[in-house]
Each structure stands twice: as structure tokens, then as C-alpha cells.
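Fold and contact review
What follows is each chain in one-letter form.
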Amino acid sequence: MTDVTGAAADVLHTLFHSDQGGHEQVVLCQDRKSGLKAVIALHSTALGPALGGTRFYPYASEQEAVADALNLARGMSYKNAMAGLDHGGGKAVIIGDPERDKSEELLLAYGRFVASLGGRYVTACDVGTYVADMDVVARECRWTTGRSPENGGAGDSSVLTAFGVYQGMRASAQHLWGDPSLRDRRIGVAGVGKVGHHLVEHLLEEGAEVLITDVRQEAVERIAGRHPAVSAVADTDTLIRTEGLDIYAPCALGGALNDVSVLALTARIVCGAANNQLEHPGVEKDLADRGILYAPDYVVNAGGVIQVADELHGFDFERCRAKAAKIFDTTLAIFARAKEDGIPPAAAADRIAEQRMHEAAARKPAH
């Protein structure tokens, strides 16, 4: 079934009527010559130009791609608001296999589409796109971040992402145990890729006992080779069931916290770098009911977006690090609000972000 526009009716329903809707603008992009098919979703520009990465992924359907773009864009609105950035939320997805379909011609075509929005959307890296790709996109679009230092960018944002998660862990320890120190705490890190391996470094420097797991054996071996004191376990299921675990850090794929894993968790705190850790909204209550403190993912993993936002003003690493360090205070404020309102931390973070966006929108003059 199609609408009068020729678009699938269920896609239009997602845009205008579902819980994922309410976005300011959604742009469908196609360049036949390069094979580009992309969706750019702007959830909110109340706080400023929408900022969010470009995901390159082989979606099973156009509807799945649209739904992912909408969901990710909404998440960026909340992340940017909680990070204190003057940016709204946006996200783009390119439909295809990056290993097979990515080309210079396609990336340049995509850059032209982003540029056509006149600065309402600022793009960066995400799953399937890298610094080298942003360098190509930037040749057609000046509203591109995550570029290489050689091309005026900040380069890899995983360093500050990990630093922010580390600050979130310290805040969680302060709230739960009255001391931000992680020394001698037993911490399990699931996923030791770009962000996870930097996080492990911070934890070891402070004297924590670290356990790791990753689906890629080479990632585990890289950590073990550099840090023999780190213990590796077979898989995430084993990690979350490890006795005596103080903190669990999901740093791989989303949906790590679900009805099954929450019941199996031995850790008192969950604080990690992965996006969209809660498989569904009810999981946050399940965590609270079990007395497990959850540090909202989009709050503690905001170091990367802080970095790419700073790139627009002439990147300064120490300035970014200082902003990312404030994730400690932001996380504590969320826990305080959660206690005051009698709600889980994830709900408290949403309320604070929504309040900031609402106040910003109210200040804008009506057209």
C-alpha cells in the first residue's frame, strides 16, 4: 500500500503518527548515479543546528532505515541537551553495505544533500563511517565534523567518549558509595573496541580490577597483551553473572539491558558507552526495583559529541576535556533529580533534557 506521494504508507505513519514521530524535518535523498539512498532526520533545532552522525548500514527495508534515523535523531536531541551544547538533534542513515557500496562519488553526493540544508544539520561519523569519509563529505559540505586533523578536524572522538564514561562511573560511585574512587572496584567491560579499550586504561590507572569480553578475540588479545592483570571471560552472559562485580560497562551494541540480562546482573552500577542500552522503557524500572543504579547512556557517552561540536569553533582538546569532565556533575544532578521525583535516572535525564529544549523553543520568536 502506498500514499499519494508514492511512499509506503507505513513509512509516512512512522513520520507523522507514531511515538517515533514529531520530528521537524525528514529528508529522503537519492542520487541514482552513485547509488546513494539516504535519510536525514532533524528531530529538533530548538537549541541550535541539529548535530549527529551518519550511519552507513545495510538495512533490511526502507521503513527500517527511516525508523532508525528517527529514533537516533531523537536520541541526539536529548544527548546534546544534556551535554549543554547549543545544538539540537539530527541523524542520517545511508542505506547499503559500507564494505561494498561506499564510494567517493556516493559520499560527495551525500555531502551535497547535507549542504542543501544550509546548516540546519551538522554531520559526523557513526557506525559504518569514519574520519576519512568525513574528509570526503567535507569537500562538498562545510557543515561536517569528525574530520582528520590534517583537514582541520579533531580526529578520533573515542578518547573523550571514554573519558566521559569514566566520569559517569566516578559520579555513580560517589552517589552509591559516597566516594568517587574506583580503586579496588571490580568492573566488567563488555566491548573493548574504539571506546572500550580507552575506558579500560582509565580504570587501570585508578587501580580498579578489570574484567573484559568482546566478540572479537583480537580485541581481547590486544588488551591482554598490554595489561596482563586484566581478566577475560568468554562472553557477556558470563561477565554479567560474575560474582562480586561492582560495575558493569556495556560498550558494544545497544539493547544490552533487557528482561533477561537485568535479572542476571550482579553489579550494583551500570555505566557504559553503548547507545540505546535499554531494550525497552520498562527496563529502567526493573533496574531500579533490583537496586541497580543506571547511569543514562546518552549522558555519560556524550564526550564524543562534545568533541565534534567543538570542531565547529576551532578544535581545542583541553577545552573539550574540561567540558567532558562536567559529565561527572551532570550525572550526579540526574541522580539527585531521580531521587527527588521518585523516578528512575533515565526518566529524570529525559525530564531535564525536555525542559531545556522546551525553554529554548519558548524563547524563539514565532514565525
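Everything in this summary refers to the structure shown in the same document. Since this is a predicted model, take the numbers as computed values, not measurements. (Residues numbered from 1 in each chain as written. Predicted model: local features only at pLDDT ≥ 70, side-chain atom pairs only at ≥ 80, totals over all residues. Heavy atoms only, no water.)

Thoughts on the overall build of the protein
Helix and strand counts for the protein stand at 16 helices and twelve strands. A compact globule built from 367 residues would reach a C-alpha radius of gyration of about 21 Å, and the protein, at 20 Å, matches this within 12%. Its C-alpha atoms give the protein principal-axis dimensions of about 60 × 45 × 45 Å. Within the protein, counting contacts between residues at least 6 apart in sequence, those at least 24 apart form 65% of the total. Counting every atom, the protein has about 16400 Å² of accessible surface; 50% of that belongs to carbon and sulfur. Charge separation in the protein, taken as the distance between the mean sites of 36 positive and 49 negative side-chain charges, equals 4 Å. (Helix = DSSP H or I, 4+ residues; strand = E, 2+ residues; numbered from the N terminus. Rg over C-alpha atoms; globule rule 2.2 N^0.38 Å. Contact = heavy atoms within 4.5 Å. Areas by Shrake-Rupley, 256 points an atom, 1.4 Å probe, with all protein chains shown as cover. Lys, Arg positive; Asp, Glu negative; His and termini not counted. Charge placed at Lys NZ, Arg CZ, Asp CG, Glu CD.)

Description of unusual backbone geometry
Phi at Asp 184 takes a positive value of approximately 70°, unusual for a residue other than glycine. Within the secondary structure layout, Asp 184 lies in the loop between helix H6 (158-177) and strand E7 (186-190). With a phi angle near 50°, Asn 276 is a residue other than glycine that sits in the positive phi range. Secondary-structure assignment places Asn 276 in the loop between strand E11 (269-270) and helix H11 (283-289). Of the residues examined, Asn 276 reaches a relative accessible area of 40% and is grouped as partly exposed. (Buried < 20%, exposed > 50% of the residue type's maximum accessible area, 1.4 Å probe, protein only.)

Considerations on the packing of helix H13 (residues 303-311) against helix H14 (residues 317-325)
What describes two packed helices is the angle between their axes and the distance between those same axes. Interhelical geometry of H13 versus H14 gives an angle of 145° and a closest axis separation of 9 Å. Along this stretch, H13 crosses H14, giving a crossing that reads as right-handed. Every residue of H14 that contacts H13 at Gly 303, Ile 306, Gln 307 and Asp 310 is listed here: Arg 319, Cys 320, Lys 323 and Ala 324. (Axes fitted to C-alpha atoms, helices over the stretch in contact; angles between N-to-C directions. Left-handed = near helix turned anticlockwise from the far one by under 90°.)

Let's talk about the nonpolar core
With 68 residues, the main nonpolar core has Ile 40, Tyr 110, Val 189, Leu 199 and Leu 203 as its most contacted residues. No other element matches H6, which puts seven residues into this core. Each residue touching Ile 40, except ones within four places of it in the same chain, is listed here: Gln 25, Val 26, Val 27, Cys 29, Lys 91, Ala 92, Tyr 110, Phe 113, Val 114, Leu 117 and Tyr 121. Membership of the second largest hydrophobic core comes to 20 residues, among which are Val 233, Ala 256, Leu 257 and Leu 265. (Core = buried A, V, L, I, M, F, W, Y, C linked by side-chain atoms within 4.5 Å.)

Remarks on the pairing of strand E5 (residues 88-95)
By the criterion of burial, E5 is predominantly enclosed, with seven of the eight residues buried. As paired elements, strand E2 (residues 36-44) and E5 share six bridges and run antiparallel to each other. Bridge assignment links Ala 38 to a residue of E5, and that residue is Ile 94. Here strand E3 (residues 50-51) pairs with E5 via two bridges, running parallel. Paired with Ala 50 across the two strands is Gly 88, which belongs to E5. Pairing between strand E4 (residues 54-57) and E5: four bridges, direction parallel. Considered in E5, the bridge of Arg 55 is made with Val 93. (Pairing = 2+ DSSP bridges.)

Comments concerning H6
Here H6 is 20 residues long and its end C-alpha atoms lie 28 Å apart, about the 28 Å a rise of 1.5 Å per residue gives. Counting buried residues along H6, 14 of its 20 residues qualify, which places the element largely inside the surrounding structure. The first or second residue beyond H6 is Gly 178, which carries a positive phi of 80°. (Expected span 1.5 Å × (residues − 1).)

What about the environment of Gly 196?
Considering the arrangement of structural elements, one finds Gly 196 in helix H7 (residues 196-205). When the C-alpha positions of Gly 196 and Ala 249 are compared, they lie 8.7 Å apart, and in sequence the two are 53 residues distant. Residues within four places of Gly 196 in sequence aside, it is in contact with Val 189, Gly 191 and Cys 251.

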